[in-house]
Amino acid sequence: MAHRGASADAPENTMAAFNEAWRQGADAIEGDFRLTKDGQIIAMHDGDTGRTTGQKLVVSKTDWSTLKKLDAGSWKGAKWKGEKIPLLSEILASMPQGKGIFIEIKCGPEIVQKLSEVITQSKIPRKLITIISFNKEVVRAVKKHDPKLTANWLLDLKPKKGEDISSKLAKAIQTLKDIKADGLGAKAVDSLAAKLGSTLKQHGLGFHVWTVDAPAQGRHFVKAGVHSVTTNKPAKMREFLEGQ
Ligand code: G3P
Ligand code: CA
């Protein structure tokens, strides 16, 4: 799974990064999505465009007609000057047949109606699309509005000093069930891999991990039964895992 596209080698969340992911042989792409003021869904990690365009505009307070003019490539290198912020619909339209996408929702449940419409219009089978979010209300709303969509809750379960991971994990499982999530996207904490793998399997839940760039760490999670590994370097990860 190419994180923000193949974002080690191209500017994150742009068509250049998503196309580079396909070129590198990724099975799927991950991208971050938000609603513009006028209700368009765009790929943008942060709440504003400062870091990746050099011009700080708050996405939820700006119309698409303004955002579409920004240069989202130059920050990564002169080679990408003029690279645009893409719409979710443009990304979906460019996906090779049979490839998948993890759509991370960075705003709230207000996006869900439009999200479902854009996915329907794309004609991409719902089985190739997974919605992910740290916001459990987004996951709950997706499963209520469009139950055929897979939706995973994202969580960092790294234990704080002295914290009991078993009770933390039990609470997480209960939340996953309450919101009808299909699985968990976990931050890559090596010491939790085996426990997460066995517990999620026992509850019939999917197990996904982010963001893993070291191939040996990818192998560690694959051994623990993970269903996808999200990486900034898909070619390197694929080459290593296929060689195992
Ligand atoms: O796949 C989940 C991961 O992308 C969450 O972290 O900050 O890269 O969106 P972030
Ligand atoms: Ca993300």
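Shown above is the structure to which this text applies.
Each value, and the rule that gives it
- Residues take numbers from 1 onward in each chain, read along the sequence in its written order.
- Working convention: letters from A go to chains and numbers from 1 go to ligands, in the order in which they are written.
- Under the rules for a predicted model, residues below a pLDDT of 70 receive no local features and side-chain atom pairs below 80 are neither given nor counted, while totals for whole chains, interfaces and linings still include all residues.
- Side-chain metrics rest on all non-hydrogen atoms present in the structure, leaving aside hydrogens and water.
- The cutoff for a nearby residue is simple: one of its non-hydrogen atoms must lie within 4 Å of the molecule or strand.
- Whenever two N or O atoms come within 3.5 Å, that pair is a polar contact, provided that in protein one can donate a hydrogen and the other can accept it, and provided that, for residues adjacent in sequence, both atoms are side-chain atoms.
- Computed by Shrake-Rupley with a 1.4 Å probe, the accessible areas treat only the displayed protein chains as cover when residues are assessed.
- Side-chain classes follow a simple rule in which Ala, Val, Leu, Ile, Met, Phe, Trp, Tyr, Cys and Pro form the nonpolar group, Asp, Glu, Lys and Arg form the charged group, and the remainder, Gly included, forms the polar group.
- Secondary structure elements are defined from DSSP: runs of H or I of at least 4 residues count as helices, runs of E of at least 2 residues count as strands, and each element is numbered from the N terminus.
- By this rule the span expected of a helix is its residue count minus one, scaled by 1.5 Å.
- In this scheme, a residue with accessible area under 20% of its type's maximum is buried, one over 50% is exposed, and one in between is partly exposed, where area comes from a 1.4 Å probe on protein chains only.
- Arc, as used here, means the arc of the directions from the helix axis to the C-beta atoms.
- We call two residues in contact when some of their heavy atoms are within 4.5 Å.
- Stacked, edge-to-face and tilted labels apply to pairs of Phe, Tyr and Trp rings (six-membered ring for Trp) whose centres lie within 6.5 Å, assigned for plane angles under 30 degrees, over 60, and everything in between, in that order.
- Detection works on a 1 Å grid of protein atoms alone, calling trapped sets that fit a 1.4 Å probe cavities and calling open sets with protein on both sides within 12 Å along at least five of seven lines pockets, with lining residues defined by an atom within 4 Å of a point.
- Grid points are joined across faces, edges and corners, and a volume is the space filled by probe spheres set on the points.

**Comments concerning the site of ligand 1**
Near ligand 1 the following residues occur: His3, Arg4, Glu30, Asp32, His45, Glu104, Lys106, Ile132, Phe134, Leu154 and Trp210. The separation between an oxygen atom of ligand 1 and a polar side-chain atom of Arg4 is 2.8 Å. Notes on ligand 1: free accessible area 290 Å², of which the protein chains cover 89%. Considered class by class, the residues forming the shell around ligand 1 number four nonpolar, two polar and five charged.

**Thoughts on helix H7 (residues 165-178)**
The end-to-end C-alpha distance of H7 is 20 Å, a good match for the 20 Å that 14 residues give at a rise of 1.5 Å each. For H7, every residue scored as buried is listed here: Ile165, Lys168, Leu169, Ala172, Ile173, Thr175 and Leu176. Within H7, the buried residues cover an arc of 160 degrees as seen down the axis, which keeps them to one side. Its buried side turned inward, H7 meets helix H6 (136-145), strand E6 (150-155), strand E7 (183-187) and helix H8 (193-202). The N-capping residue of H7, defined by a side-chain oxygen 3.1 Å from the backbone nitrogen of Ser166, is Asp164. One or two steps after H7, the chain reaches Lys180, where phi turns positive at roughly 65 degrees.

**Considerations on the packing of aromatic side chains**
Aromatic ring pairs: the centre-centre distance and the angle between the two ring planes describe each pair. One pass over the full model with this rule turns up two aromatic pairs. Ring centres 5.4 Å apart and planes at 85 degrees place the aromatic pair Phe134 and Trp210 in the edge-to-face group. Taken together, the residues span a long stretch of sequence, with Phe134 in the loop between strand E5 (129-133) and H6 and Trp210 in strand E8 (residues 206-210) at a distance of 76 residues. When its relative accessible area of 18% is taken as the criterion, Trp210 is described as buried.

**Here we look at the layout of surface pockets**
Taken as a whole, the largest pocket holds about 310 Å³ of empty space. Along the wall of the largest pocket there are 17 residues; nearest its centre are Met1, Asp27, Ser228, Val229 and Leu241. Put simply, the parts of the chain that give the lining of the largest pocket at least two residues each are strand E9 (228-229) and helix H10 (234-242). Ranked by the residues each element gives to the lining of the largest pocket, the list is headed by H10, at five residues. Considered class by class, the residues forming the lining of the largest pocket number nine nonpolar, five polar and three charged. Space inside the second largest pocket adds up to approximately 180 Å³.

**Brief notes about unusual backbone geometry**
Cis geometry marks the peptide bond from Trp210 to Thr211; its omega dihedral reads -25 degrees. Topologically, Thr211 is positioned in the loop between E8 and helix H9 (215-223). Located in the positive-phi region is Lys123, a residue other than glycine, with phi close to 65 degrees. Of note, Lys123 is situated in the loop between helix H5 (112-122) and E5. Take Lys123: its relative accessible area is 72%, and that puts it in the exposed class.

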